[in-house]
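Geometric and topological summary
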Amino acid sequence: MTQKKFIVLYEKNVDAVFRFCLIKVSDREKAKDLAQEAFMRVWDQVSSGKKIENPRAFLFKVARNLIIDSYRKKKSLSLDELSEGGFDPVDSTFSAEKTTDMQIAIDLIQKLDEGYKEILTLRFVEGLEPREIAEILDMSPNVVSVRIHRGIDQLKKLMKI
Amino acid sequence: MKNQFEKIFRTLQSLTLSKREKEEMKENLIQHMEAQPTPYIQSQQSVSIFNILWARPAMVVAALVFVIGGISYAAEGSLPGDFLYVVKTELNENVRGAVATSPQAKVEWETQIAKRRIDEVSALISEDRLTPEIEKKLTNEIKGAAGNIMQALDALEGEGAVTSEDYSRHKDIIRGARSSFADGMTLLEEDIKGGESELLESVSTAIGDLDGAIMMTEALISEAIEQRRLKEKIEVKEVGPPTSIPTVPDLEWVEPDKEAKIPIEDPAPEYNPDEFPQ
C-alpha cells in the first residue's frame, strides 16, 4: 500500500476510529491520541511488508488493543466522573438540542454491558458487518450475531420500550 | 421503535473530529510515514503475449476456484435448515477434518467442530429457529466430537510421548479444548434458562472428561519428571570413580646384544703418580 492510498484510508476512517475510541474511553483528547496511534501502528505494519486483508477491520482491531493497553496502564475515569469535573465529550459547537440528544445517546450506550457496547457501536454506528466485527473481536460471526440481538434487547430495556 | 434506535445511532454518528483536528492528525501521520517509508516495492512483471495466452486456462481455473471458494465461504455463516448448511458440514468440514491427521490436530479440529455446533445452537435460539429435531442432531454431534477428542487423546498417549515437555504440550491442547467447551457452556446457559437439557448435559460431561484428562496429564508430567530425575541419578553413578586399576601400556621387549660395546666417548685419563706427590 502506497502512502497515497494510506492517506485515503485515513480520511475515510479517521472519524469512525476516533468515535470508537471516544465511546470506549470517554475522553476526547485521549481518543484523538489513540486514533492517531492506531493509524501509525497500522502504517508500521504496512511498511514492514505485512499483508493486511481488511485494512478497516485491522485498524479497529489495533485501536481496540491500544484502548485495552491504556486501561491496563491506568483505569480510565468514568463518563460521570469526567462530566463532574467539567469534561464534555460532545463538540462545543453543537446546538443545545443536539447536545442533549447526544448526551442521552452516550448515556444509553455507556449503560450497556461492555460486550454489547462495542458490538452495537461497530454494527450500527460504524456499519460494520458481523463478519468484520468477528475479525476485530476474535469471535465467530454467529456469536457476534447473537450478541447483537442480546445488545438490542438490553438497549430496549434501558429505553423502556 | 426502529426510529428510536436509528435516532440514537445517528446521533452518535455525528461525534466527529473537527476539520482542524483532522488536518493536525494527518500532518503528524504524514511525518511518521515519511520517517518510515515502505521498504518493499512489488516487482512489476513484464506482460508478453505468451503470458496472456498461458494465463487464459489459468484464469478459467481461477474463476472456478473463486466461485467454489465463494460458495464455501458463504456457507460458513449458515445454520441448520439453511440451503448452504450442507456445504458447510459435508464439504468444508470434511475437507478440513481430512487435513487434520495427527492426534494433536484431531483434538484441535474436533474442538472446533463442537464449538461450531454450540455457536449454531445459540444463534438458532436467538433467531427462534431451534426445533427439537435440530437440537437432537446438534447434541449428538457435540457428543460425537467430545468422544472423538477423548479417542484422539488416547492416540496421543499411544504415540510414545515420554518427556514432560511432550505431556505439557498435550495439556495445553486439552486446556484449549476445555476452555472452548466452557465458553460454549456459558453461552448455552444464557440461552437455555431453567429446565433440563440434554445439550447442556453433553457439554457438561465433555468438560468433566477433559478435566479428568488434564489431571491425568498432570500426573504423567510429574511421573516423567521423576523418571528423568532417577535416570540422571543413575547416569551420575555410572561415570563415578573407577573401580579397577588401569593397566600400564604394553612395552615392546628388545633382546640385548651381548657383544655390543658401550662406546666410551670420553675415557678417563691414565693414572700418573708424578702428578700426585706421596
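Residues numbered from 1 in each chain as written. Chains lettered and ligands numbered in written order. Predicted model: local features only at pLDDT ≥ 70, side-chain atom pairs only at ≥ 80, totals over all residues. Heavy atoms only, no water.

1. Some points on the overall build of chain B
What chain B contains, in helices and strands, is 8 helices and 0 strands. In chain B, the succession of α and β elements from N to C terminus is α-α-α-α-α-α-α-α. Here chain B holds 278 residues, and the buried ones make up 29% of them. Long-range contacts, defined here as pairs at least 24 residues apart, represent 71% of the contacts in chain B between residues at least 6 apart. Accessible surface for chain B amounts to roughly 20,000 Å². Of this, 58% is attributable to carbon and sulfur atoms. (Helix = DSSP H or I, 4+ residues; strand = E, 2+ residues; numbered from the N terminus. Buried < 20%, exposed > 50% of the residue type's maximum accessible area, 1.4 Å probe, protein only. Contact = heavy atoms within 4.5 Å. Areas by Shrake-Rupley, 256 points an atom, 1.4 Å probe, with all protein chains shown as cover.)

2. Quick word on helix H1 (residues 3-25) of chain A
Quick reminder: α-helices carry 3.6 residues per turn. Residues three or four places apart thus point the same way. Residues and elements named next belong to chain A. Along H1, the largest kink reaches about 55° and is centred on Asn-13. Burial analysis of H1 places 17 of its 23 residues in the buried class, the great majority of the element. A positive phi of about 55° marks Ser-26, the residue just after H1. (Bend = angle between axes of the 7 residues up to and from the residue.)

3. Here we look at the environment of Glu-120 of chain B
With respect to the element layout, Glu-120 of chain B can be found in helix H5 (residues 103-126). Look at Glu-120 of chain B and you get buried, because its relative accessible area is 0%. With residues near it in sequence (within four places) discarded, Glu-120 of chain B still touches Asn-142 of chain A together with Ser-78, Leu-79, Pro-80, Tyr-85, Lys-88 and Leu-138 of chain B. For Glu-120 of chain B, the side chain forms a polar contact with the side chain of Arg-117 of chain B, separated by 3.0 Å. (Polar contact = N/O pair within 3.5 Å; in protein donor to acceptor, adjacent residues only side chain to side chain.)

4. Things to note about the nonpolar core
Core analysis: the biggest nonpolar cluster contains 59 residues, and Phe-6 and Val-17 of chain A together with Leu-12 of chain B have the highest contact counts within it. No other element matches H1 of chain A, which puts 13 residues into this core. With residues near it in sequence (within four places) discarded, Phe-6 of chain A still touches Met-1, Phe-39, Val-42, Trp-43 and Val-46 of chain A together with Leu-29 and Met-33 of chain B. Counting residues in each nonpolar core, the second largest holds 34 residues, with Ala-100, Trp-109, Phe-181 and Leu-200 of chain B among its members. (Core = buried A, V, L, I, M, F, W, Y, C linked by side-chain atoms within 4.5 Å.)

5. A word on the pattern of salt bridges
Oppositely charged side chains can pair when the atoms bearing their charge come close. Enumeration over the complete set of coordinates arrives at 29 salt bridges over all chains. Here Glu-114 of chain A and Lys-117 of chain A are joined by a salt bridge, their closest N and O atoms 3.3 Å apart. In this pair, Glu-114 of chain A and Lys-117 of chain A are both assigned in helix H6 (residues 114-125), 3 residues apart and thus about one turn of the helix distant. For Lys-117 of chain A, a relative accessible area of 5% translates into the label buried. The salt bridge involving Glu-76 of chain B is made with Arg-96 of chain B; its shortest N-O contact spans 4.0 Å. (Salt bridge = Lys/Arg side-chain N within 4 Å of Asp/Glu carboxyl O.)

6. Some points on the side chain of Glu-93 of chain B
Residue and element names in this part refer to chain B. Within the element layout of this structure, Glu-93 appears in helix H4 (residues 85-99). Glu-93 sits in the buried class, given a relative accessible area of 6%. For Glu-93, the contacting residues outside a window of four places in its chain are Lys-88, Trp-109, Ile-113, Arg-116 and Arg-117.

7. Looking at the packing of helix H8 (residues 141-159) of chain A against helix H7 (residues 164-191) of chain B
Where H8 of chain A meets H7 of chain B, the closest approach of the two axes is 13 Å, and the angle between their N-to-C directions is 35°. In terms of crossing hand, the pair formed by H8 of chain A and H7 of chain B is left-handed. Counted together, Val-143, Arg-147 and Arg-150 of chain A of H8 of chain A and Leu-187, Glu-190 and Asp-191 of chain B of H7 of chain B form the full contact between these two elements. Considering only residue class, the contact of H8 of chain A with H7 of chain B consists of 2 nonpolar, no polar and 4 charged. (Axes fitted to C-alpha atoms, helices over the stretch in contact; angles between N-to-C directions. Left-handed = near helix turned anticlockwise from the far one by under 90°. Nonpolar A, V, L, I, M, F, W, Y, C, P; charged D, E, K, R; others polar.)

8. Here we look at the packing of H8 of chain A against H5 of chain B
Packed helices, taken two at a time, are described by the angle between their axes plus the distance between the axes. At a closest axis distance of 9 Å, the pairing of H8 of chain A and H5 of chain B adopts a crossing angle of 30°. It follows that H8 of chain A is roughly parallel to H5 of chain B by the angle criterion. Here H8 of chain A runs over H5 of chain B; the crossing is left-handed. Between H8 of chain A and H5 of chain B, the residues in contact are Asn-142, Val-143, Val-146, His-149 and Arg-150 of chain A and Asp-119, Glu-120, Ser-122, Ala-123 and Ser-126 of chain B, respectively. Split into classes, the residues belonging to the contact of H8 of chain A with H5 of chain B amount to 3 nonpolar, 4 polar and 3 charged. (Parallel < 35°, antiparallel > 145°, perpendicular 65-115°, else oblique.)

9. Considerations on the packing of aromatic side chains
All names here are of chain A. Overall, the coordinates contain 5 aromatic pairs over all chains when judged by the stated rule. Ring geometry for Phe-6 and Phe-39: centres 6.5 Å apart, planes at 85°, overall edge-to-face. Highlighted residues: Phe-6 in helix H1 and Phe-39 in helix H2 (residues 28-47), separated in sequence by 33 residues. Feature note: the residues Phe-6, Tyr-10, Phe-39 and Trp-43 constitute an aromatic cluster, connected by ring pairs. (Phe/Tyr/Trp six-rings, centres within 6.5 Å; stacked < 30°, edge-to-face > 60°.)

10. Digging into the interface of chain B and chain A
Taken together, the 41 residues of chain B in the interface contact 50 residues of chain A. Together, the buried faces of chain B and chain A total about 4,300 Å²; carbon and sulfur atoms form 64% of this surface. Contact with chain A buries surface across chain B, with Phe-9, Leu-15 and Met-33 of chain B losing the most and accounting together for 16% of the total. Remark: the boundary between chain B and chain A carries 4 salt bridges. Asp-15 of chain A is the salt-bridge partner of Lys-22 of chain B, the closest N and O atoms lying 2.8 Å from each other. Of all the secondary structure elements, the ones that give two or more residues to the side of chain B that touches chain A are helix H1 (2-13), helix H2 (19-35), H5 and H7 of chain B. (Buried area = accessible area lost by both parts, 1.4 Å probe.)

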